[in-house]
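# Understanding the architecture of this molecule
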Amino acid sequence: MLTLFPAIDITDGKAVRLVQGELEAQTNYGTPLDVAKDFVEIYSKYRSQNGNSRELWVHLVDLDAAFRRGDNRNIISQVVELLHSNKINVELSGGIKDDKSLDFAIKMGAARVNVGTAALENPEWTARAVGKYADKLAVGLDVRGETLAARGWTQDGGNLWEVGKRLKSDGVSRFVVTDVNKDGTLQGPNLELLNKVANQTGVHVTASGGIASLTDISAISELKEQTKGVVDAAIFGKSLYSGAFTLEEALALK
C-alpha cells in the first residue's frame with residue numbers, strides 16, 4: 001500500500017497551510033496538537049478495524065525554522081511524542097541545516113528528517129549526515145521545471161538532474177519531490193515529474209504538492225506499481241483540511 005503522510009505545517013504556534021510556499025497566503029487550522037490528536041483518533045480506529053495493514057506517517061514542518069525566523073520546537077516535541085506513542089511515525093522538516101539541528105530532530109523522536117536547502121548548498125555535510133543516519137534522512141527536491149528552489153523557494157538551488165545524481169552518489173535513499181507550482185493549489189500532482197525522477201534516479205520518491213482528491217492518491221498508487229515501488233508515499237495537506245476528502249477515506253483506499 002502507498003504510505004500516507006498527512007501534513008502539519010506550523011508557524012507561530014499554529015497549524016497552517018500555504019499556497020506555493022507564501023507565508024502571506026496562509027490559512028489557520030488551529031493548534032498543531034489538536035490536529036495531531038484528530039489524526040491519532042482516526043488512525044487508532046483504523047488499526048482496531050484493520051490491524052497494521054497500512055502505515056501512517058505525519059509530515060511535520062516547522063515553517064518558522066525553514067524561513068529562519070525562529071522555531072516551534074516546544075510544540076513540535078509535544079506533537080512528536082503524542083504521535084510516536086500512538087504508532088504514527090513523524091517525518092520532520094524545516095530548518096535542518098547542520099549537525100546540531102539534525103541531531104536534535106532525531107533525538108526528539110523523528111523517524112525521518114527531511115533536509116532541504118542545506119542538502120543543495122552543503123554537499124560535504126550532506127554526505128556525512130547520510131553516512132551517520134542513512135535512511136533516517138531524506139532530501140526535499142522542490143522543483144520549478146527542472147530547476148530546484150532553495151531558501152523557502154526564493155532562490156535557485158541548481159539543476160534537478162545534476163543535484164539528484166550527486167545526492168544519489170552520496171547515498172541518499174529518499175527524495176521528497178514537490179512541484180512548487182502545484183503546492184497548495186489543489187490542481188493535482190505532477191505525475192510526469194514524479195515518474196521521471198523515479199526512473200532517472202532509482203531513489204525512493206515521496207510525492208508532494210497538488211493532491212486534490214482521492215483520485216489523485218489512487219493515481220500515485222498506480223504510479224507506485226508502474227515504478228516498481230520507487231514512488232511509494234504521498235504527502236497531502238490542503239485537500240485534507242479543506243474537506244476534499246477525509247483521512248478515514250484516504251486510509252480506506254487500496
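Definitions and limits used
Residues numbered from 1 in each chain as written. Predicted model: local features only at pLDDT ≥ 70, side-chain atom pairs only at ≥ 80, totals over all residues. Heavy atoms only, no water. Helix = DSSP H or I, 4+ residues; strand = E, 2+ residues; numbered from the N terminus. Rg over C-alpha atoms; globule rule 2.2 N^0.38 Å. Buried < 20%, exposed > 50% of the residue type's maximum accessible area, 1.4 Å probe, protein only. Contact = heavy atoms within 4.5 Å. Areas by Shrake-Rupley, 256 points an atom, 1.4 Å probe, with all protein chains shown as cover. Lys, Arg positive; Asp, Glu negative; His and termini not counted. Charge placed at Lys NZ, Arg CZ, Asp CG, Glu CD. Core = buried A, V, L, I, M, F, W, Y, C linked by side-chain atoms within 4.5 Å. Salt bridge = Lys/Arg side-chain N within 4 Å of Asp/Glu carboxyl O. Patch = residues over 30% accessible without salt bridge, like charges linked within 9 Å, V, L, I, M, F, W, Y side chains within 5 Å. Pairing = 2+ DSSP bridges.

## Digging into the overall build of the chain
Assigned secondary structure in the chain consists of 11 helices and 12 strands. The C-alpha atoms of the chain give a radius of gyration of 17 Å, which matches the 18 Å a tight globule of 254 residues would have. Counting only residues that meet the buried cut, the chain has 54% of its 254 residues in that class. For the chain, contacts bridging at least 24 residues in sequence account for 69% of all contacts bridging at least 6. Carbon and sulfur atoms form 45% of the exposed surface of the chain, whose accessible area is close to 11,200 Å². Both charge centroids of the chain, one from 29 positive and one from 33 negative side chains, sit 4 Å from each other.

## Re the nonpolar core
Ile 8, Leu 60, Leu 102, Phe 175, Ile 217 and Phe 236 are the most contacted members of the largest nonpolar core, which has 71 residues in total. A total of seven residues in this core trace back to one element, the largest contributor, which is helix H1 (residues 32-50). In this view, Ile 8 contacts Ala 15, Pro 32, Val 35, Ala 36, Phe 39, Val 58, His 59, Leu 60, Val 61 and Tyr 241; residues no more than four positions away in its chain are not counted. If you look at the next biggest cluster of nonpolar residues, it comprises seven residues, including Ala 7, Ala 138, Val 176 and Ala 233.

## What to know about the pattern of salt bridges
Per the stated rule, a full pass over the model turns up seven salt bridges. Across the salt bridge formed by Asp 12 and Lys 14, the nearest N and O atoms sit 3.3 Å from each other. Relative accessible area serves as the criterion here: at 58%, Asp 12 is assigned to the exposed category. Residue class for Lys 14 comes out partly exposed when judged on its relative accessible area of 24%. When the shortest N-O distance is used, the salt bridge between Lys 132 and Asp 103 registers 3.2 Å.

## So, unusual backbone geometry
Residues other than glycine seldom take positive phi values, yet Asp 12 does so here, at roughly 55 degrees. Here Asp 12 shows up in the loop between strand S1 (3-11) and strand S2 (14-19). A positive phi angle, near 55 degrees, is found at Arg 68, a position not held by glycine. Within the secondary structure, Arg 68 is located in the loop between helix H2 (63-66) and helix H3 (73-85). Relative accessible area serves as the criterion here: at 52%, Arg 68 is assigned to the exposed category.

## Some remarks on a negative patch on the surface
Residues Asp 34, Asp 38, Glu 41, Glu 248 and Glu 249 make up a contiguous surface patch of negative charge. Of all elements in the fold, only H1 and helix H11 (247-252) reach the threshold of two or more residues within the negative patch. Looking at which element gives the most residues to the negative patch, the answer is H1, with three residues. With respect to the helices and strands, Glu 249 occurs in helix H11.

## A few points about the pairing of strand S7 (residues 137-144)
Of all eight residues in S7, seven are buried, a share of seventy percent or more. In this sheet, S7 lies alongside strand S6 (residues 112-115) in parallel orientation, the contact comprising three bridges. Its bridge partner lying in S7, Val 115 is registered against Val 139. By the bridge criterion, five bridges tie S7 to strand S10 (residues 174-179) in an arrangement that is parallel.

These figures come from the coordinates and say nothing about function on their own.
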